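Okay, here's what each chain looks like letter by letter:
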Amino acid sequence: MTESRIKRLATTLMDATTDKDPLVQEQIYNALCHLGESEPEEILNSCDEYLRQHDKLAYPHRVIILKAMETVVKNNIALLDKSTAKVVIFLASNEMTKSKEVIRDWQQAASNVLVAVGQRFINKVMEEVLTKFQPGILPHYFVMQTFANLSVSNVFGMVPFLNSILGTMLPMLGMAKQDHMKSVFCYALQHFSESIQEYLANLDKAPDPTVRKDTFSNEIFSAYEVLFNSWLQHREAKLRLAVVEAMGPMSYLLPSEKLEEQLPKLIPGILALYKKHTEAFYISKSLCQILEASVNIGSRSLDVQLDSLLGTLHPQICAPADPAVPLTVKNHTEVLRCFTVLACSFPDRVLAFLLPKLESSNERTRVGTLLIMRQIINSAPSQMEIKKPFILSSMKLPLQDSNNKVKRAVVQVISAMAHHGYLEQPGGEAMMEFLVRQCALPSDAPKKQPPDADDLTSDSVQSISVNTLFLLSTTVDRMNNVLWPYLLEFVTPVQFTNALTPLCKSLMSLAVKKQEEGENASLIRYDLNANLPSPYALTTRLLVVSSQPYVGDCRGAAALRLLNVLHYSVHPALEQLWSKQVPLLVEHIEENTEKSLSQKEWEEKLLLFLQETLAAVADNTWICHFVTEMCRQLNSYNGFPLEKNFLYKCIGTTLGACASKDLVQKQLQELLETARYHEEAEREGLASCFGICAINHLEETLAKLEDFVRSDVFKKSVGLFSIFKDRSDNEVEKIKSTLILCYGYVAVSAPKELVLSRIEADILKNIFQYFNTKVLGIKVETKDLTLKLCLIRSICMISQAIYNGAKCGDFVFSRKAELVAQMVEFIKAEPPEAMRTPVRQRAMITCTYLVVLEPHLSDPDRTELIDTCLAGVLALPPPEPAKEREENGGDASHKEVLYGDTLSALKDLLKSLLQRNLTPHGLQDMFAHLGPWIKSNKEHERQRAVEVSAALLEFYLSKLNVSTVIPFYNLGVLIALFSPRCSDSLASVRQDAVDCVYCLLYIQLCYEGFARDHRDEMVEGLKALKKGLEEPDFTVLFRTCNNIAMVIGKRVPPDQLMSLLLAMFEGLADPDKNCSRAATVMINSLLKERGAVLQEKVPDIMSIIHSKLEEVDEEHIRKAAQQTVYILASQHKSVVVSSLLGSPLPFDSHTCAMWRSLATEPTLASRILEQLLEKVNSDVPYKESKSFPLLGSAAERVATPSAPGRHMRFV
């Protein structure tokens, strides 16, 4: 691209700057900058030429071009030649000063171009701009601003000009009458002073190293006098702030004696401005610079001003900074810098001022004072070194403060102290304890309304504390010996539970550092640290909290990692085992989430880890100490039911590994004496402890349970509670409940070869002794729900123990029928109108295990069990509507879960009973009980019954193992039971009914000799038909029913066909009209499909049709029956006609309706008429006879037989 083309393109772009759309203007600017990257000089010259030629172009459009020029110059300053620079400087200077009025955007853009060029061509720029800065004439506003900005952007280039500029400028200060000119002079003086300071600070790099502060001091002081004595008193706030901003940097350059002389007036003058201005940042910044300048010259005047300084600055910090207003945050920073300057010079007086304010009743005063304390601890370390004990002792009151903002400020002070060695002093431990307490703060309950912005929650204090503790333990090396092993003291006390995750992470990091220093350093020196928890206490605590691994920011992984690091301190023999097993446990936590983790499986892993640990230690004395410590910690977990429950399991596991039988009995006795029986988790925990202990100590465990009931402790507790009668009954029942549960856990956990012989002789005898209370020698059953549920669970566990026993087949459970009867009584006692407790569910689960044991239940007992359970579940009222469920919330959800669990228990029980007799007869017997429920006129009962049926048939099919081909004699009856339900009014029933038919047909195929995994194409088609049952449209439903009947018709064996039809006819009386209609559809479909083989059965079928027409007075039944007769007639014309002719005369309306059905199709009707005429011609219609002539009766006409075995009477 040639230069002329670039120029033309640039000109075109600049012509477009008149577009008013800001986006277009932005694009023009970007395009010019882009062109300037490739040809900077060409573009700059083009811009210059364009602006000169278009002198009348409005300034907003000129601004776009000037900004583009600035960017091109900045990005290509090293490439510019002098001639281009001159052109640009001259243009920018003219643009800047063309208008004497201040037009900020335009003139600022031109000034910025000059500043950009001045980065390299400072002399050229100054040569041009100085022509517009003549003595005795007030310069243009932007000339001064350009000087100021140049002095900052090019310090070394500009400082040499400043002396002459200041000389020319000073007389002008008196000439400036307008505020904006005074402001720009202040702006220039501020930046000149900053530039001179930077120059002096970098003299080694400066072009003229001979420059000194006093080169400028007198001129700066002259300017200072005008600013302070005249302009600072101005009523315009903006001008006062401009003056203050300038005076800060100027104070560094004032002659020392002049500054000292001015301080008594200067500082009060600055402090007074705080009352006049809301924006305090500029005042504070300037004040800090003045204080630094004063300290630099060793001023003695500050001493006198100190009280007023402290009194004015302190409230600035106490007023909270608003993060949404950046200047308030900046002001805080500057005021804190002021305190740093003062603390370095007057440490005693500053502390004497601050520390009493920690006791103020005003929250903001306390918070502000703490912020200042943190600042001076960090920024004046040498001055504060000897004050450490004094500062630490003054923190006692803030450590007890309950205000969250104060707490946060204290945490920040502690962090500062840690970095500067305070916490190594006496009193440092109290600070660390405070920090850990904040880590342990409970989470705030969610508030209905969002908290005010000014509020601070416990969560945020906790978060800050956790971060601080971790940083101190990982990044502040001097804290290693302070924190290790001191932090271990906080691991076991329960009040620090919420702090466990950060504590464990910090301790882990510290321990690793100690190990890097050498193996011995990581050992816990108990001889030097008497307050540390023992290895047994640490192991117990860390193991127990790991049982709830995701609580408290995933404390399980942190606790286990710490445990692994401490292995040598716990026991030297554990290194190999723990280094292998702990990472696997941590990995399991990290691979799962709180939702996906199986709590039961996780606890089993931890208990196995504990078992392996005890085996690796193999030291009975150590194990005895360990279990004693575990028992001692039990009370710590009151209020933590899940953790306490797991600790009981740990105690059981450890007692199991204990070789000292005396200690085992002693600890079991203590557990029984101290347990809190009214808590469910405690009862469960204690019982599981006894169960686990019984694995290795069965005799001791059973003996201790019996001893306890006979002991004074039990009798005393009963006697004590009898003072309060209601409480007595309740508490004693809870103790009995626990003992009963203990027996159950012992039975299910102990070695089967040892426990089976004790079940009936000891365990059950004692259980029922606790359950039944004697009043005047008569047994009275308890009504206590807990006791009842514990008995049920205990019997369930005993049944499981027997079932899982190695000699299960040889064991005859003589009390089985009695226990089943007891469960039945429990179920019967439940209110039929509602499910409030899990008694039904638990009792049925227990029966599920009981029924499989020997001996078999008698038929009456079995019948009563099935009927009671079905009635107890299926007859329950339907669930609440969705709206009511939402209103009832958690209670409704709980009921829904309980009902689902109870229905599952019922299914499992029925499966267990069916398993005992897995034959067609057993299946028939089961559905004899279920049949009435399947045909119930209540929707919810049918729905549940068919759901249970589907589960049973699926189970039967899955367990079926046919070794010889035998007839499934009741297939027809069962299919007839379910197939009409395919059009039930409930969609769920329709779906389940198809599944039932599907299973029945596959069961039939198995009995015919097919393998269980055989797939029949037609039967599989039933699954596809389920889709058609989702919609309640009758047409679709009955078409689907017809298709289902066709599948049944093709797969039902011939010997089952008649029983299927007979049972189907029974379905015509179904209370659900949809199902009775479906029965007719299916009957007719089956007859169309298979009716041809039923010639001998036609008279029976005709007779059934007639009887059903008499029973059911429904129009759809009459029409369907006519259709049935028609179908039979089309297949067996002669037999149907003969059957109808054999009907009693005169024909009743139902027989007439059956005759009329033969006339529905002309071809069939004509053939039947031919047959009737043939009969009339060939047969004598009747014979006459007089039975009793003496009575004068009329002659009786007897019809001649029209078919074998048939006759009709005509009177």
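Values in this document were obtained by computation on a predicted structure and should not be read as measured data. (Residues numbered from 1 in each chain as written. Predicted model: local features only at pLDDT ≥ 70, side-chain atom pairs only at ≥ 80, totals over all residues. Heavy atoms only, no water.)

1. Overview of the packing of helix 10 (residues 179-201) against helix 12 (residues 237-253)
And step 1. Orientation of helix 10 relative to helix 12, taken along the N-to-C sense of each, is 25°, at an axis distance of 8 Å. Between helix 10 and helix 12, the angle falls in the class roughly parallel. Read as a crossing pair, helix 10 and helix 12 show a hand that is left-handed. On helix 12, the residues touching Asp 179, Lys 182, Ser 183, Cys 186, Leu 189, Gln 190, Ser 193, Glu 194, Ile 196, Gln 197 and Leu 200 of helix 10 are Leu 239, Ala 242, Val 243, Glu 245, Ala 246, Pro 249, Met 250, Tyr 252 and Leu 253.
And step 2. Its residues placed into classes, the contact of helix 10 with helix 12 shows 12 nonpolar, 4 polar and 4 charged. (Axes fitted to C-alpha atoms, helices over the stretch in contact; angles between N-to-C directions. Helix = DSSP H or I, 4+ residues; strand = E, 2+ residues; numbered from the N terminus. Parallel < 35°, antiparallel > 145°, perpendicular 65-115°, else oblique. Left-handed = near helix turned anticlockwise from the far one by under 90°. Contact = heavy atoms within 4.5 Å. Nonpolar A, V, L, I, M, F, W, Y, C, P; charged D, E, K, R; others polar.)

2. Comments concerning the environment of Pro 920
And step 1. You can see Pro 920 is positioned in helix 46 (residues 920-934).
And step 2. A C-alpha to C-alpha distance of 111 Å links Pro 920 and Val 125, two positions 795 residues apart in sequence.
And step 3. Here Pro 920 is in contact with Tyr 956, Pro 967, Phe 968, Tyr 969, Asn 970 and Tyr 1007, once residues within four sequence places are set aside.

3. Focus on the packing of helix 11 (residues 214-229) against helix 12
For any two helices packed against each other, the geometry comes down to the angle between their axes and how far apart the axes lie.
And step 1. Where helix 11 contacts helix 12, the two axes come as close as 10 Å, and the packing angle between them is 150°. On the basis of the axis angle, helix 11 is roughly antiparallel to helix 12. Helix-helix and strand crossings are classified by hand; for helix 11 and helix 12 the assignment is left-handed. Contacts between helix 11 and helix 12 involve Ser 217, Ile 220, Ala 223, Tyr 224, Leu 227 and Phe 228 from the former and Val 243, Ala 246, Met 247, Met 250 and Leu 253 from the latter.
And step 2. Classifying every residue of the contact of helix 11 with helix 12 by side-chain character gives 10 nonpolar, 1 polar and no charged.

4. Thoughts on the packing of aromatic side chains
And step 1. With the rule as written, the count across this model stands at 14 aromatic pairs.
And step 2. Plain terms: the ring middles of Phe 156 and Tyr 199 are 5.5 Å apart, the flat faces sit at 80° to each other, and that makes the pair edge-to-face. Remark: Tyr 199 occurs in helix 10 and Phe 156 occurs in helix 9 (residues 155-175); sequence separation between them is 43 residues.
And step 3. On the basis of an interplanar angle of 90° and a centroid distance of 5.2 Å, the ring pair of Tyr 486 and Phe 490 is categorised as edge-to-face.
And step 4. The class of Tyr 486 is buried, set by a relative accessible area of 8%.
And step 5. What makes Phe 490 buried here is its relative accessible area of 4%.
And step 6. Ring-pair connections join several aromatic residues into one group, and the members of that group are Phe 221, Tyr 224 and Phe 228.
And step 7. Over the face of the ring belonging to Tyr 422 we find Lys 388, whose NZ or CZ atom lies 5.3 Å from the ring centre. (Phe/Tyr/Trp six-rings, centres within 6.5 Å; stacked < 30°, edge-to-face > 60°. Buried < 20%, exposed > 50% of the residue type's maximum accessible area, 1.4 Å probe, protein only. Lys NZ or Arg CZ within 6 Å of the ring centre and 35° of its normal.)

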